[in-house]
Amino acid sequence: MDHFNFKDGELFAEGCSVRSLAATHGTPLFVYSRTTLEQHWFAFDNAFGDYPHQIHYAVKANGNLAVLGVLAKLGSGFDIVSGGELKRVMAAGGSAGKVIFSGVGKLEWEIELALDVGIECFNVESMAELERIARIAKARGKVAPISMRINPDVDAKTHPYISTGLKDNKFGVSLERALSCYEFAHQHPNLSVLGVACHIGSQLTELSPLEDAMDRLLEFVKKLRTTGIEIKVVDFGGGLGVRYQDEMPPLPDQYWQALLTRMQAHDLTLPVAIEPGRALLGNAGIMVTRVEYIKAGEVGKFCVVDAAMNDFIRPALYGAYQEIINVDQEPDSKAAVYDVVGPICESADFLGKDRTLAVKPGDLLAIRTAGAYCFALSSNYNARARAAEIMVDGEAAHVVRKRESLEDLYALESLIE
Ligand SMILES: *Cc1c(COP(=O)(O)O)cnc(C)c1O
């Protein structure tokens, strides 16, 4: 469900014409829909009903301040993986008390900052990290709330780069190791045990790996209880997939019903936390790009556009499929099969392969499902300034990140004699 629809043959983002947005702000251009974002957040929030729950948006999917600000206004919590993301959340008006800090490599300064602002919880990924947090908390006279991130050793059945819950992944600790971590935390005066956590991967399109992970976590919660350690919240992580092509990912309602069913099977009624990123933002954004050239190759044809892998790396990085559509539907124009490619000097620089499109130079294309892990993964490769970002809200279009200037790109550099 999103708010990018055609009216009289022309693509609109809510009440804004995408063609006029491109004319005013240039291309490549990211366009986010506030209404879509809010609807996705409420789809999760409503799914839980009265059951005690907290949604922690995974900031790394899209950390734009406006995105964070809209979610903060809804009362969302945040899942961060760096001190930089914590700063962003606070700059956007998010509350530190609703922040969960995940990630395998938390640095000293990041832990200090998180303790000073009083985050809700550290999701800890190793004994060494637990010891580091305990030492820093002690030095600052604080008590750090912690959950261990369990690696439940389940196959999330997603792309290997975004699968995180197998025992050979770098994430989390095994159930066996987790037990000694909890015993250490339980008796340490500067640590307080809050919950258990897991996050098994991203773009999950089936519930069964999540259900397996839940079962292992809930078993473990009961085991901890027998040792006198009470868990106050179970954090199931993020990972729910979105539709890029023909996937049928579970809806938030089905997801919550599955969680609830597992909880009931284990006779537990603990508050839950989730950390969705992609499922909130993915379909709340598009990227608009302009066709520069049509080029015939020895085999096949290329549609050369002004966006490239530096703007949009998912196809190059994961071989991901992204839907590409015309911004203006012209029913009589002739379609052909193209590889849609950018200007960068890499053969991996493509946005789509073998796409049937009716295009000519000057036309605008929109890449759908561009709200999550697109701008966030962008770079300045080939000295390309990063795209502008717009958030539309009904008929209003707000520039939420200006296009970078070329001077910005070398502003931090200097010549030597
Ligand atoms: C990336 C990440 C998420 C969000 O994953 P999505 O697939 O975008 O929902 C949640 N939790 C942790 C710990 C993560 O690393």
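Just so it is clear, the structure is predicted and the values come from calculations on it, not from any experiment. (Residues numbered from 1 in each chain as written. Predicted model: local features only at pLDDT ≥ 70, side-chain atom pairs only at ≥ 80, totals over all residues. Heavy atoms only, no water.)

**Concerning the overall build of the protein**
A tally of helices and strands in the protein yields twelve helices and 20 strands. Its C-alpha radius of gyration of 23 Å places the protein within 12% of the 22 Å reference for a compact globule of 417 residues. Oriented by its inertia axes, the alpha-carbon framework of the protein measures out at about 70 × 60 × 45 Å. The 417 residues of the protein split such that 55% are buried. Intrachain contacts of the protein at a sequence separation of at least 6 include 69% that bridge at least 24 residues. When the accessible surface of the protein is split by element, carbon and sulfur atoms take 52% of a total near 18,100 Å². (Helix = DSSP H or I, 4+ residues; strand = E, 2+ residues; numbered from the N terminus. Rg over C-alpha atoms; globule rule 2.2 N^0.38 Å. Buried < 20%, exposed > 50% of the residue type's maximum accessible area, 1.4 Å probe, protein only. Contact = heavy atoms within 4.5 Å. Areas by Shrake-Rupley, 256 points an atom, 1.4 Å probe, with all protein chains shown as cover.)

**Notes on empty space enclosed by the protein**
To find the voids left in a structure, one rolls a probe of water-molecule size over its atoms. Taken as a whole and assessed by the stated rule, the structure comprises one cavity of 30 Å³ or more. Approximately 30 Å³ is the volume found for the largest cavity. Lining the largest cavity are Phe44, Gly237, Gly238, Gly239, Leu240, Tyr255, Ile274 and Pro276. (1 Å grid on protein atoms, 1.4 Å probe; cavity = no way out; pocket = protein on both sides within 12 Å on 5 of 7 lines; lining within 4 Å. Points joined across faces, edges and corners; volume = space filled by probe spheres on them.)

**Some words on the sheet that holds strand S3 (residues 16–17)**
Strands sit in the order S1-S2-S3 across an open sheet of three strands; the sheet is antiparallel. The open sheet has two edge strands, strand S1 (4–7) and S3, and neither has a second partner. In this sheet, strand S2 (residues 10–13) lies alongside S1 in antiparallel orientation, the contact comprising four bridges. Considered in S2, the bridge of Phe6 is made with Leu11. (Pairing = 2+ DSSP bridges.)

**Some remarks on the nonpolar core**
Counting 107 residues, the largest nonpolar core has Tyr57, Phe122 and Tyr182 as the members making the most contacts within it. A total of eight residues in this core trace back to one element, the largest contributor, which is helix H8 (residues 208–226). Each of domain 1 (4–32 + 282–410) and domain 2 (103–274) accounts for three or more of the residues forming this core. Ignoring sequence-local partners within four residues, the contact set of Phe122 consists of Phe101, Lys106, Ile111, Ala114, Leu115, Ile133, Ala144, Pro145, Ile146 and Ser147. Counting residues in hydrophobic clusters, the runner-up holds 18 residues, among them Cys16, Leu29, Ile286 and Ala388. (Core = buried A, V, L, I, M, F, W, Y, C linked by side-chain atoms within 4.5 Å. Domains from an automatic or database assignment.)

**What to know about the pairing of strand S4 (residues 29–33)**
Where burial is concerned, most of S4 is hidden: five out of the five residues are buried. Burial of S4 is two-sided: the residues Leu29, Val31 and Ser33 facing one way and the residues Phe30 and Tyr32 facing the other way are all buried. As paired strands, S4 and strand S13 (residues 285–296) are joined by four bridges and run antiparallel to one another. Counterpart to Phe30 in the pairing with S13 is Met287. Pairing of S4 with strand S19 (residues 388–393) involves five bridges; the strand directions are parallel. Within the sheet, the bridge partner assigned to Tyr32 lies in S19 and is Met391.

**Topic: the domain arrangement of the protein**
Domain annotation for the protein reports domain 1 (4–32 + 282–410) and domain 2 (103–274). Here domain 1 and domain 2 have C-alpha centroids that lie 36 Å from each other. For the pair domain 1 and domain 2, the two sides together bury roughly 790 Å², of which 57% comes from carbon and sulfur. On the domain 1 side of the contact with domain 2, Tyr318, Tyr321 and Thr369 bury the most area, a combined 57% of that side's loss. There are zero salt bridges connecting domain 1 and domain 2. Across the contact surface, domain 1 and domain 2 share zero residue pairs in polar contact (both at pLDDT 80 or more). (Buried area = accessible area lost by both parts, 1.4 Å probe. Salt bridge = Lys/Arg side-chain N within 4 Å of Asp/Glu carboxyl O. Polar contact = N/O pair within 3.5 Å; in protein donor to acceptor, adjacent residues only side chain to side chain.)

**Considering the sheet that holds strand S8 (residues 121–124)**
Two pairing modes exist for strands in a sheet, parallel and antiparallel, and in both the strands are linked by backbone hydrogen bonds. Strand order in this closed barrel of eight strands is S5-S6-S7-S8-S9-S10-S11-S12, and the pairing throughout is parallel. On average, each strand axis in the sheet is tilted by 30 degrees relative to the strand beside it, whichever way the strands run. Where strand S6 (residues 77–80) meets strand S7 (residues 99–101), three bridges bridge the pair, whose relative direction is parallel. Counterpart to Phe78 in the pairing with S7 is Val99. Across the sheet, helix H6 (residues 127–139) touches S8, strand S9 (144–149) and strand S10 (191–197), and the angle it forms with S8 is around 150 degrees. (Axes fitted to C-alpha atoms, helices over the stretch in contact; angles between N-to-C directions.)

**Side note on helix H9 (residues 252–265)**
Its 14 residues give H9 an end-to-end C-alpha distance of 20 Å, which sits within 8% of 20 Å, the value for a rise of 1.5 Å per residue. All of the buried residues along H9 are Pro252, Tyr255, Trp256, Ala258, Leu259, Leu260 and Met263. On its buried face, H9 is in contact with helix H2 (34–48), H8 and strand S12 (272–274). Phi turns positive one or two residues past the end of H9, at Asp267, with a value near 60 degrees. (Expected span 1.5 Å × (residues − 1).)

**Focus on the side chain of Asn310**
Within the secondary structure, Asn310 sits in the loop between strand S14 (301–305) and helix H11 (314–318). Apart from the residues lying within four places of it in its own chain, the contact partners of Asn310 are Ile344, Leu377, Ser378, Ser379, Tyr381 and Arg384.

**Some thoughts on H8**
End to end, H8 covers 28 Å across 19 residues, agreeing with the expected 27 Å (1.5 Å per residue, within 8%). When we look at burial in H8, the residues that qualify are Pro209, Leu210, Ala213, Met214, Leu217, Leu218, Phe220, Val221 and Leu224. Summarising the axial view, the buried residues of H8 lie within an arc of 160 degrees, below the 170-degree limit, and thus occupy one face. Residues of H8 that are buried sit in contact with helix H7 (175–187), S10, strand S11 (233–235) and H9. Gly228, located one to two residues past H8, shows a positive phi value of around 85 degrees. (Arc of directions from axis to C-beta.)

**What about the site of the ligand?**
What surrounds the ligand is a group of 14 residues, the closest being Lys60, Ser202, Glu275, Arg278 and Tyr373. At 2.3 Å from an oxygen atom of the ligand is found a side-chain nitrogen or oxygen belonging to Ser202. Here Glu275 contributes a side-chain N or O atom positioned 2.5 Å from a nitrogen atom of the ligand. Residue composition of the shell around the ligand, by class: three nonpolar, six polar and five charged. (Near = heavy atom within 4 Å. Nonpolar A, V, L, I, M, F, W, Y, C, P; charged D, E, K, R; others polar.)

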